Amino acid sequence: MAIEARAPVPASAQSEESPTVDPAPLNVVRMTPPVEATLRILLNSVPYLIGAAVVRQPAVGDSVEAEVGKMPWLHDRRLLTLQLPDDSLPANRAILLDWPVPYQAEWVGAPPRLLISRLVTQNRTVGVLLGTMISRDQISVSAREALDLSCELIAAAVGSDSLATLSAPTAEEPRRLVVVPNEPEPEPESSLPTAATAESEPALDPKDEQDERDRQVVDEVARALDELTDARSIGRVLRDAVTAIAGVDGFSVALFNSVRREVAYRYKVVGADPDSGEMGRQAVDDGPDCYAARHDRRWHSFVREIGVRGPEGVEARKISVLQYPLVAADEVFGVATLQVFGDAGFSDHATRLVLRVIVVSSDRLAAVRRAARFQPSQSPQESAAAAVLPPAAAAPTLGPVPSPEAPTTDSILNDLVTNCTEIGLPTTFMVGVDPAAGLLRGELISSSSAARELDYALGISVGRFTIELSDRYNAIARACREGRIVTSPTIDELVHPLRDADGAATLERLVQGGRSTIIPITVSGDVVGALVVGPMADEPGFSTIVKVRDLVNETASRLAEAWRTKR
């Protein structure tokens, strides 16, 4: 019979340095055929598993239902008297722990790891599976599946009535190694689950306490919003609240214009992470046409990637994004966006608690949006709308003659790309200069089919197209550094070092040409970006370049005027 009984270790066999311990003998009951067969299959299926044992719950003394192989852990009485609550370990799924090896065991090489699993059948914990793993490697997928299946089979066998019957004293009692004291009495087994159920009823208290804490958070945010009358102050309160709840790396609130489909005001902050600044520069879509604003859902979550320059070059970092539509009077008037580095996302509790905070603040945000109060007033008599940036934030006021709104930076740059298309240049794109990072970043691109293919490949419109301003071999960087018009005969000079020669040649075939002309955009003596005319099959003529240069100069003048008036 494949059962190993553990006798007490004689005192003479103990090391002089070991403490004097005289543990009581272990009571190992006879294994039933299903448990024995499953344990042996388990040892044959899982590499480096050299021993396994089953401890029944509720425990009856120091009794072990079954034991196969080497199990030094059974000398540790803490593992024999475990009473695991339902939330301590996953049901019928083994985990590996670094548990100290008892002094009675002698091991050579790497110390073993304890394999432990909570055995559950019919929604009741019936035992604990213990194992000895002598490897630090990860368990393979096939071994993990065999291990989980074995746990389910052992749990079913231990929890069955046949096992309880075989555990009772019968005529075959001499075949047992040791009779478990008091095990035949049904009262302890029948009463313990009832007691456990009765004791588990107060387990609702932690949930009630959590609900009370959540309610206090929402009430505190509501009180903080009572006296606020501008969007920026409300945004600061929301920033502090969501940071405390979800630990975000970036937060923003975008309020839409009541007339045009664009963002009227955006409050945006980033965290202390060194890469958070890059997260803020490579913006996420939170306008009226974004997914969260167009769909009737309480929130929208997704994962995006940004390029971050590190010691080994540009590295991709994943960001989990959570967006909430701001709704009042059945109208989506804005979007709140939470971002955190990594693709793990946000917990369900944090997601729902932030939703409650957003709901509490929606009416207040809707009110300041209707009143065009986006920033604090400079004086009691001065309207807060006067300090709004950009000007599209101000909602139209009722009056006989509404004052015209100055164009925004985005609209000015879009006009430049549109005008280039109208004069017969369907493939043009624009880059902006980021002097703080020393980079050129993609901004806009025309809407032609060839331009869209180029955008798909390079990510110009989403900000993935970035080039170091100091790059000596890139034509766009050279034009921005020197402040002069530069021509490029091949697309390789535009995309270096983002693409090698073969990749550049592929792009040329894709857009059917590689000739380009780069015209820098200079505002108040500083180069702020560049317009790239191309790539195209033929180089544009002199008269076309003159027209484009005039359009660029006009755009620079409009930008200077808009920035001078802080619009």
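This write-up is about the structure you can find in this document. Along each chain, residue indices are assigned from 1 in the same order as the chain's sequence is written. pLDDT decides what is reported in this predicted model: residues at 70 or higher carry local features, side-chain atom pairs at 80 or more are listed and counted, and totals for whole chains, interfaces and linings draw on all residues regardless. Just so you know, side-chain values use all the structure's heavy atoms and leave hydrogens and water out.

Axis definition: a line fitted to C-alpha atoms, over the contacting stretch in the case of helices. Angles run 0 to 180 degrees between N-to-C directions. Helix numbering and strand numbering both begin at the N terminus, where a helix is a DSSP run of H or I of at least 4 residues and a strand a DSSP run of E of at least 2. The geometry of helix α12 (residues 449–458) relative to helix α15 (residues 501–511) is characterised by a closest axis approach of 9 Å and an angle of 155° between their N-to-C directions. As summarised for this structure, α12 and α15 are arranged roughly antiparallel, according to the angle between their axes. Seen from above, α12 lies across α15 with right-handed handedness. Across from Ala450, Glu453, Leu454, Ala457 and Leu458 in α12, the residues of α15 making contact are Leu507, Leu510 and Val511. Note on angle classes: values under 35 degrees are labelled roughly parallel, values over 145 roughly antiparallel, values of 65 to 115 roughly perpendicular, and the remainder oblique. The hand of a helix crossing depends on one turn: near helix anticlockwise from the far one by less than a right angle means left-handed, and clockwise means right-handed. Contacts were defined at the residue level, with two residues in contact if any of their heavy atoms lie within 4.5 Å.

Quick look at the sheet that holds strand β7 (residues 124–133) now. At least two DSSP bridges between two strands are needed for those strands to be called paired. One open sheet accounts for five strands, arranged β4-β2-β7-β6-β5; its pairing is antiparallel. Of all the strands in the sheet, just β4 (66–69) and β5 (95–97) have a single pairing partner and so form its edges. Along the sheet, successive strands turn relative to each other by an average axial angle of 20°, direction set aside. Contacts from helix α3 (residues 141–158) reach β2 (49–56), β6 (113–121) and β7, with the element oriented near 50° to β6.

The subject of this paragraph is the pattern of salt bridges. Once the charged atoms of two side chains with opposite charge are near each other, the side chains can pair. Salt-bridge detection follows one rule: a side-chain nitrogen of Lys or Arg within 4 Å of a carboxyl oxygen of Asp or Glu. Under the definition given, this model contains 19 salt bridges. Note that Asp98 is salt-bridged to Arg113, the shortest N-O span being 3.2 Å. Of this pair, Asp98 sits in the loop between β5 and β6 while Arg113 sits in strand β6, and the two are 15 residues apart along the sequence. Each residue gets one of three labels from its accessible area relative to the maximum for its type: buried under 20%, exposed over 50%, partly exposed in between, using a 1.4 Å probe on protein chains only. Judged by its relative accessible area of 56%, Asp98 falls in the exposed class. For Arg113, a relative accessible area of 17% corresponds to the buried category. Two residues, Arg441 and Asp434, come together in a salt bridge whose shortest N-O distance is 3.1 Å. Judged by relative accessible area, Arg441 falls into the buried class, the value being 7%.

Here the focus is the nonpolar core. Counting residues in each nonpolar core, the largest one holds 36 residues, and the members touching the most others are Phe251, Val253, Tyr324, Leu326, Leu338 and Leu365. Here the element with the most residues in this core is helix α10 (residues 348–370); it accounts for eight residues. Beyond its immediate sequence surroundings of up to four residues, Phe251 is in contact with Gly235, Leu238, Arg239, Val242, Tyr267, Lys268, Val269, Thr337 and Leu338. What makes a nonpolar core is a set of buried Ala, Val, Leu, Ile, Met, Phe, Trp, Tyr and Cys residues whose side-chain atoms join them at distances within 4.5 Å. Counting residues in hydrophobic clusters, the runner-up holds 26 residues, among them Val431, Cys480, Leu507 and Ala530.

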